[in-house]
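Summary of the model geometry
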Amino acid sequence: MSICHLYPQQMNIYADRGNIAVLSQRLAWRGLGAELKEVHFGDPIPDDCNIYYLGGGQDSDQLAVAEDLCGHGRSEPLKIAAASGAVILGVCGGYQLLGHAYTTSAGQRVAGVGLLDIETTAGSTRLIGDVVAEATLVGTTHTVVGYENHAGRTHLGPGCTPFANLQFGYGNNGSDGCEGAISGRTLGTYLHGPLLPKNPWLADTLLAWSLTHAGASSELKPLDDQLEHTAHAVAKARAGQKR
């Protein structure tokens, strides 16, 4: 398995590097290896990895990453990978950059990669707090929990669907009841925390997709996720939900 971590120094707010640790460790517990490739400013982006991850960052870092990632056709390998069935996961600022564009509070329109049919505009206030939502992937519905802190108001076009339906929290824009977006195996979400330790079902779904992309069996041996389920329950309860 090959995991590509895009801009790990700049796009790593709220300990979201932990998502990489979860993917690697859940593979290791099953006797599967993972090669981690980090892409920094100016580095070529490989087009043959199985999972790509772009986390969230401060506004200034996000703008710098947008210029490096989307300028001079540098995002083309990422588009090639997505078209081949690789998994692309974007969190918060990374989610916004996977869309067509992000418009700052100063009115600057910053181009994105365009893998998700979304547009984001900075709002006058931040949307902050715990989130509980229901997501349906591969025909199975699960509860997803996390933490959001974003000024962006993201709106989806017809080329993608919401990742989850909100039960508690603000989600994409605080008004339409939806959280995140998904198109094929490209998924974007505002959920920090980090996302995957408290949602092991989602981590395993992404791993199964990536194993299929690698030409391997997507069957994953069950793990003892008691600790992960406890963390999930605590996050859900903290958001005001019943256990």
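Residues numbered from 1 in each chain as written. Predicted model: local features only at pLDDT ≥ 70, side-chain atom pairs only at ≥ 80, totals over all residues. Heavy atoms only, no water.

**Quick look at the sheet that holds strand β11 (residues 181-183)**
Pairing in this open sheet of 6 strands is mixed, and the strands run β2-β1-β3-β4-β12-β11 from one edge to the other. The open sheet has two free edges, formed respectively by β2 (35-39) and β11, since each of these has just one partner strand. Mean inter-strand twist for the sheet, computed between neighbouring axes without regard to direction, equals 15°. Both strand β1 (residues 2-6) and strand β3 (residues 51-54) contribute to a ladder of 4 bridges, which runs parallel. Among the inter-strand pairings, Ile3 is bridged to a residue of β3, identified as Ile51. Its contacts with the sheet place helix α5 (residues 200-213) against β3, β4 (87-91), β11 and β12 (186-189), and it is angled at close to 145° to β4. (Pairing = 2+ DSSP bridges. Helix = DSSP H or I, 4+ residues; strand = E, 2+ residues; numbered from the N terminus. Axes fitted to C-alpha atoms, helices over the stretch in contact; angles between N-to-C directions. Contact = heavy atoms within 4.5 Å.)

**A few points about the pairing of strand β9 (residues 164-168)**
Summarising the sheet, strand β7 (residues 118-137) and β9 pair through 4 bridges and their orientation is antiparallel. Directly across from Glu134, in β9, lies its bridge partner Asn165.

**Focus on the environment of Leu206**
With respect to the element layout, Leu206 can be found in helix α5. In this structure, the C-alpha to C-alpha distance between Leu206 and Val87, residues 119 residues apart in sequence, is 6.8 Å. Residues in contact with Leu206, not counting those within four places in the same chain, are Val87, Leu89 and Leu196.

**Concerning the environment of Ser124**
On the secondary structure map, Ser124 appears in strand β7. Spatially, the C-alpha atoms of Ser124 and Gly114 are 25 Å apart, while their sequence positions differ by 10 residues.

**Here we look at the side chain of Asp225**
Here Asp225 shows up in the loop between α5 and α6 (226-238). Among residues more than four places away in sequence, those in contact with Asp225 are Arg26 and Pro200.

**Observations concerning the side chain of Asp204**
Here Asp204 is to be found in helix α5. In contact with Asp204, other than residues within four places in its own chain, are Arg26, Arg30 and Leu220.

**Concerning the nonpolar core**
One finds Leu6, Tyr52, Leu137, Val144, Phe163, Leu196 and Leu202 to be the most contacted residues of the largest nonpolar core, which totals 58 residues. The element that contributes the greatest number of residues to this core is α5, accounting for 6 residues. If we ignore the near neighbours within four places in the chain, the residues touching Leu202 are Leu137, Phe163, Leu187, Leu195 and Leu196. (Core = buried A, V, L, I, M, F, W, Y, C linked by side-chain atoms within 4.5 Å. Buried < 20%, exposed > 50% of the residue type's maximum accessible area, 1.4 Å probe, protein only.)

**Overview of the state of the cysteines**
Going through the model one piece at a time under the given rule, you end up with 0 disulfides. Cys70 takes part in no disulfide bond, and the closest cysteine sulfur, belonging to Cys4, lies 14 Å away. With no disulfide of its own, Cys160 lies 10 Å from the sulfur of Cys178, the closest cysteine sulfur. (Disulfide = S-S within 2.5 Å.)

**Brief notes about unusual backbone geometry**
The omega angle of the peptide bond from Gly193 to Pro194 is -10°, so this bond is cis rather than trans. On the secondary structure map, Pro194 appears in the loop between β12 and α5. One non-glycine residue with positive phi stands out, namely Tyr14, at about 55°. Here Tyr14 lies in the loop between β1 and α1 (18-28). The backbone phi angle of Val138 is positive, close to 55°, even though this residue is not glycine. Along the chain, the position of Val138 falls in the loop between β7 and β8 (140-156).

**Concerning the packing of aromatic side chains**
Scanning the entire structure with this criterion turns up 3 aromatic pairs. Note on Tyr95 and Tyr190: the rings are 5.0 Å apart at their centroids and 75° apart in plane angle, and the pair reads as edge-to-face. Placement of Tyr95 in helix α4 (residues 93-97) and of Tyr190 in the loop between β12 and α5 is noted, with a sequence separation of 95 residues between them. Tyr190 shares its class with Tyr95; the two are buried. (Phe/Tyr/Trp six-rings, centres within 6.5 Å; stacked < 30°, edge-to-face > 60°.)

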